[in-house]
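Breakdown of the fold
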Amino acid sequence: MRARAAQEVSPEMGRLGAADPSSGRGGDLQLRPVRPADRERIIEITKDVWEGRDYIPRVFDSWVADAGASFQAAEIEGVVVGVQRLRPYAPGLVWYEGLRVAAAQRRHGIGKAMLAASIGEAREQGFRQMRLATRDLPAVRLFESAGFGRMVEMKWWRGLRVEGGDPARIPDPAEAKKLWPGIASSAGFELYAGVCPDMNGARDLDADELERLARNGLVRLGPGGRAVALLREPWGQNIAVSLLAGRGGALRELLMALRFEADADGLNHVTINLPPGHPAEEDLKATGYDFADAEHSAYIYALTL
Ligand SMILES: CC(C)(COP(=O)(O)OP(=O)(O)OC[C@H]1O[C@@H](n2cnc3c(N)ncnc32)[C@H](O)[C@@H]1OP(=O)(O)O)[C@@H](O)C(=O)NCCC(=O)NCCS
């Protein structure tokens with residue numbers, strides 16, 4: 001469950017002015033809350049995203065119904081040309097996600113105008129930082145040109161389910177809290193820039209956050225607590241790991257235990273995102289994990305407001 005921050009994002013953001021006066025396409029760009037009736041049009045917009053594997057059709061109904069976040073449609077002359085979402089997810093932090101511009105309308109400044117409106121709104125609401133996850137080059141350029149800084153780079157690893165062993169131990173919240181000094185001093189920890197790179201909302205990592213994750217059943221331990229995996233809600237039939245701490249024998253046992261857990265839970269595989277150059281890379285290779293996508297990285301970006 002995500003905590004709801006005290007701030008609310010106003011759903012009404014009004015007129016943004018012409019998307020790109022120089023394009024000659026004319027029309028004012030307006031932002032308004034997404035409505036259930038927008039479903040078909042928004043699904044159409046997402047059709048060419050990630051070879052048709054966009055997650056927005058899957059989450060559309062829950063996003064429309066979620067009053068704790070601002071799911072917005074951008075319109076030109078009554079036609080929806082883009083969507084975006086701004087979601088408070090931790091004190092002072094707002095998560096930006098779901099930015100899509102209709103293929104026929106791209107490169108006319110619409111994405112840039114939508115993002116600028118969201119940044120303005122987040123500032124007005126008093127958030128400390130706006131964060132997001134992305135892996136696409138156009139989006140990376142857009143966010144960097146808007147002043148976002150890269151916090152964490154991640155490569156995706158995958159280990160298939162395997163039979164025959166015990167799942168990893170799940171600590172209770174009090175025990176998880178005590179893991180903090182060991183995690184904070186573990187080799188490679190600096191590559192996480194102080195955050196748990198959860199692609200659904202990267203929070204600052206500290207003892208309290210470990211306690212919160214354990215309350216949600218998202219912490220796994222290797223022998224003697226010498227290796228730790230922090231999980232996130234998965235997007236598919238898998239166990240998804242946001243952060244690893246530890247190395248060597250203890251971590252290898254934990255990595256195998258996650259594959260056993262996937263099997264015990266009837267899940268297909270374990271995915272792990274890990275910053276390139278992290279010492280756990282060797283342990284992943286030794287325990288049968290492969291790159292899920294060697295070519296691409298995903299990133300967590302942040303803008304201080
Ligand atoms: C990313 C996306 C939202 C950009 O929307 P857009 O309206 O085309 O963006 P803009 O026209 O406002 O472009 C703003 C800046 O983004 C960057 N950019 C946008 N498209 C780009 C592309 N195809 N290649 C490289 N840079 C690109 C450029 O820096 C651009 O500034 P410039 O035009 O002055 O060079 C759009 O391409 C899209 O919907 N893509 C598919 C979904 C997606 O990847 N969403 C982001 C997930 S986090």
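Residues numbered from 1 in each chain as written. Predicted model: local features only at pLDDT ≥ 70, side-chain atom pairs only at ≥ 80, totals over all residues.

1. Quick word on the confidence of the model for the protein chain
Interpretation of this model should avoid reading the predicted coordinates in detail wherever pLDDT is low. Per-chain confidence: the protein chain averages 91 in pLDDT, with 91% of residues scoring 70 or above. When the criterion is pLDDT under 50, residues 1–13 qualifies, and its contacts beyond four places in sequence or with other chains add up to 26 contacts. For the stretch residues 20–25, pLDDT sits under 50, and the model shows five contacts to residues farther than four places along the chain or on other chains. (pLDDT = per-residue confidence, 0-100. Contact = placed C-beta atoms within 7 Å.)

2. Examining the packing of helix α1 (residues 39–46) against helix α2 (residues 56–65)
Put simply, α1 and α2 touch, their axes get as near as 10 Å, and they point 150° apart. What the angle tells us is that α1 and α2 run roughly antiparallel. The two elements α1 and α2 meet at a crossing, and its hand is right-handed. Residues Arg 39, Ile 42, Ile 43 and Thr 46 of α1 touch α2, and the partners they reach there are Ile 56, Pro 57 and Phe 60. The residue makeup of the contact of α1 with α2, split by class, is five nonpolar, one polar and one charged. (Axes fitted to C-alpha atoms, helices over the stretch in contact; angles between N-to-C directions. Helix = DSSP H or I, 4+ residues; strand = E, 2+ residues; numbered from the N terminus. Parallel < 35°, antiparallel > 145°, perpendicular 65-115°, else oblique. Left-handed = near helix turned anticlockwise from the far one by under 90°. Nonpolar A, V, L, I, M, F, W, Y, C, P; charged D, E, K, R; others polar.)

3. Concerning the pairing of strand β11 (residues 228–232)
Most of β11 sits out of view: five of its five residues are buried. What you see with β11 is no split at all: Val 228, Leu 230 and Arg 232 on one side and Ala 229 and Leu 231 on the other are buried throughout. A loop of six residues connects strand β10 (residues 219–221) with β11, the two strands running antiparallel in sequence, and Gly 224 in this loop sits at a positive phi of about 65°. With five bridges connecting them, β11 and strand β12 (residues 238–245) associate as antiparallel partners. Following the sheet pairing, Leu 231 is matched in β12 by Val 241. Between β11 and β12, which pair antiparallel and follow one another directly, the connecting turn spans five residues. (Buried ≥ 20, exposed ≤ 12 C-beta atoms within 10 Å, placed from the backbone. Pairing = 2+ DSSP bridges.)

4. Concerning the environment of Asp 136
Take Asp 136: it is sitting in the loop between β6 (129–134) and α4 (137–145). Owing to 15 C-beta atoms within 10 Å, Asp 136 belongs among the partly exposed residues under this scheme.

5. Points about the site of the ligand
The immediate surroundings of the ligand are formed by 19 residues, with Arg 106, Gly 111, Lys 112, Pro 138 and Leu 142 found nearest. Elements represented by at least two residues in the shell around the ligand include exactly β5 (93–101), α3 (110–124) and α4. Taken together, the residues of the shell around the ligand sort by class into eight nonpolar, five polar and six charged. (Near = placed C-beta within 6 Å.)

6. Description of the nonpolar core
The biggest cluster of nonpolar side chains holds 83 residues, and the ones touching the most others in it are Val 219, Val 228, Leu 230, Val 241, Leu 244, Leu 254 and Leu 258. A domain split of this core shows at least three residues from each of domain 1 (14–127) and domain 2 (153–303). In contact with Leu 258, other than residues within four places in its own chain, are Ala 168, Arg 220, Ala 229, Ile 239, Val 241 and Val 270. (Core = buried A, V, L, I, M, F, W, Y, C linked by C-beta atoms within 7 Å. Domains from an automatic or database assignment.)

7. So, the domain arrangement of the protein chain
Partitioning the protein chain into structural domains gives domain 1 (14–127) and domain 2 (153–303). For domain 1 and domain 2, the distance between their C-alpha centres works out to 32 Å. Taken residue by residue, the interface counts six residues in domain 1 and four residues in domain 2. Across the side of domain 1 that touches domain 2, the residue classes tally to six nonpolar, no polar and no charged.

8. Considering helix α8 (residues 248–264)
If you check α8, its first and last C-alpha atoms are 24 Å apart, about what 17 residues at 1.5 Å a residue would give, namely 24 Å. All of the buried residues in α8 are Leu 251, Glu 253, Leu 254, Leu 255, Met 256, Ala 257, Leu 258, Arg 259, Glu 261 and Ala 262. On its buried face, α8 is in contact with β7 (149–160), β10, β11, β12, β13 (269–274) and α9 (280–286). Once α8 finishes, Gly 266 follows within two positions and takes phi at roughly 70°, a positive value. (Expected span 1.5 Å × (residues − 1).)

9. Here's the deal with α3
With 15 residues, α3 extends 21 Å between its outermost C-alpha atoms, agreeing within 8% with the 21 Å of an ideal straight helix rising 1.5 Å per residue. Ile 110, Gly 111, Ala 113, Met 114, Leu 115, Ala 117, Ser 118, Ile 119, Glu 121 and Ala 122 are the residues of α3 that are buried. Once α3 finishes, Gly 126 follows within two positions and takes phi at roughly 85°, a positive value.

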